[in-house]
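As a plain string of letters, each chain reads:
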Amino acid sequence: MNGRIIYKAEEAERFGVSEKSIQRDIEQIRMFLDNQAVTDGIPNNLIYDYSIKGYRIEQADNLKLTNDEILAICKIILSSRAFSKKEMGNILDRLIECCVPIKNQKLVNDLMRNERFHYVELTHKQKVLDKMMLLGNAIHSQLLIEFDYQGIQGHTPKHRVVEPLAILFSEFYFYLAGRIRNIDKDTAFAEPNDAYPTIYRIDRIKKLEMTEEHFSTPYRDKFEEGEYRKRIQFMYGGKLRKVKFEYTGYSVDAVLDKLPTAKVLSEVDGKYLIEAEVFGDGIDMWLRSQGEAIKLV
């Protein structure tokens, strides 16, 4: 399945059997692949390649990613800078080995070699992959988690018991959205009645454990990360609110892409009146970064 060649004489010697035994094994494998093609629609053929005088699996190229697709995906992953250098290398190697036809692997590797060599991991240098599936399982099974969290402010980690709701990604970092348990919201939060989840950067989560205690959420209150993600900027929590502003920059499409809930209310002589629904104060940072191109209404 990995593209290696099987030579009947070599395998017979390696296993200490006759070549007829190896031939019977090959026929069994061929029969299995034929049945798999019928039942699962996976057309892999075991053929004898006369040019190399050995057996190999001929895989359908439409089951692999095209050069364009794998190159685009690898470029996006590299640009995300979401992983340590070691994690990034492992992911790219496996993507190429598993998803690219063997004949194209050298080309794809060559096209990424320079960017991989100069890859700069984030300053925290933390591994995040070892936490992802634990969090995913806790979300799927609705189990409480416990961890110590090192926030931006203060040097002492804070212990948290959380109902995990979703894993999100934004601008270099993975985040966990969750509801805190056992905390005095009046003293801990600027908005004690905020019904929306708290956001945690996963690389700042330490001593993560999944408990055996379940939590439940009524269906009407089910957290929908897709809708939430459209309304949150820079992963800052807060109230749901509407912002309205005038835009006079060069590309209104860039604004609409940045704010998925944005709507153009009117346009006069290149001045756009735009309204968007967002969570929290993170949007304010982006609006200020646009300088004179944006004016709040």
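Everything numeric in this text was worked out from a predicted model, so none of it was measured.

S.K.: Can you help me understand the pairing of strand S4 (residues 158-170) in this one?
M.R.: Along any regular strand the residues' side chains alternate between the sheet's two faces. In terms of strand pairing, strand S3 (residues 143-149) meets S4 through five bridges, oriented antiparallel. Following the sheet pairing, Asp-148 is matched in S4 by His-159. Pairing between S4 and strand S5 (residues 173-181): nine bridges, direction antiparallel. Residue pairing for S5: Ile-167 is matched across the bridge by Leu-176. Joining the antiparallel neighbours S4 and S5 is a turn of two residues, in which Glu-171 adopts a positive phi near 45 degrees.

S.K.: Could you clarify how one ought to interpret the state of the cysteines in this entry?
M.R.: What makes a disulfide is a covalent bond joining the sulfur atoms belonging to two cysteines. One pass over the structure, following the stated rule, counts zero disulfides. The thiol of Cys-74 is not disulfide-bonded; the next cysteine sulfur, from Cys-99, is found 8.6 Å away. The exposure class of Cys-74 is buried, given its relative accessible area of 0%.

S.K.: Help me understand the sheet that holds S3, please; the structure alone is not making it clear to me.
M.R.: Spatially, the five strands line up as an open sheet ordered S6-S5-S4-S3-S7, and their pairing is antiparallel. Both edges of this open sheet fall to strand S6 (198-201) and strand S7 (205-214), since each of them pairs with a single strand only. The sheet shows a mean angle of 45 degrees between the axes of neighbouring strands, taken without regard to direction.

S.K.: Even after reading the chapter, I still don't get the packing of helix H4 (residues 85-99) against helix H5 (residues 102-117), so can you show me in this structure?
M.R.: The relative placement of two packed helices is expressed as an angle between their axes plus a distance between the axes. Relative orientation of the contacting elements H4 and H5 amounts to 165 degrees, with a least axis distance of 11 Å. When the axes of H4 and H5 are compared, the pair comes out roughly antiparallel. Regarding H4 and H5, the two cross each other, and that crossing is right-handed. Within the contact between the two elements, H4 uses Lys-85, Gly-89, Leu-92, Asp-93, Ile-96 and Glu-97 and H5 uses Gln-105, Val-108, Asn-109, Met-112, Arg-116 and Phe-117. For the contact of H4 with H5, the per-class residue count stands at five nonpolar, three polar and four charged.

So, how was this worked out
- Each chain has its residues counted from 1, following the order in which its sequence is written.
- Under the rules for a predicted model, residues below a pLDDT of 70 receive no local features and side-chain atom pairs below 80 are neither given nor counted, while totals for whole chains, interfaces and linings still include all residues.
- Water and hydrogen atoms play no part in the side-chain values, which are based on all heavy atoms of the structure.
- Only when DSSP finds a minimum of two bridges between them are two strands counted as paired.
- Every helix listed is a DSSP run of H or I at least four residues long, and every strand listed is a run of E at least two residues long, numbered separately from the N terminus.
- Counting rule for disulfides: a pair of cysteine sulfur atoms within 2.5 Å.
- Each residue is assigned to one of three classes by its accessible area relative to the maximum for its type, calculated with a 1.4 Å probe on protein chains only: buried under 20%, partly exposed between the two thresholds, exposed over 50%.
- Axis geometry follows a simple rule: fit a line to the C-alpha atoms, using only the stretch in contact for helices, then measure angles between N-to-C directions, giving values from 0 to 180 degrees.
- Throughout, the term roughly parallel applies to angles under 35 degrees, roughly antiparallel to angles over 145, roughly perpendicular to angles from 65 to 115, and oblique to all others.
- The sense of a crossing depends on the near helix, which, turned anticlockwise from the far helix by less than a right angle, makes the crossing left-handed and, turned clockwise, makes it right-handed.
- Whether two residues are in contact is decided by their heavy atoms: any pair within 4.5 Å suffices.
- Residue type decides the class: Asp, Glu, Lys and Arg count as charged, Ala, Val, Leu, Ile, Met, Phe, Trp, Tyr, Cys and Pro as nonpolar, and the leftover types, Gly among them, as polar.

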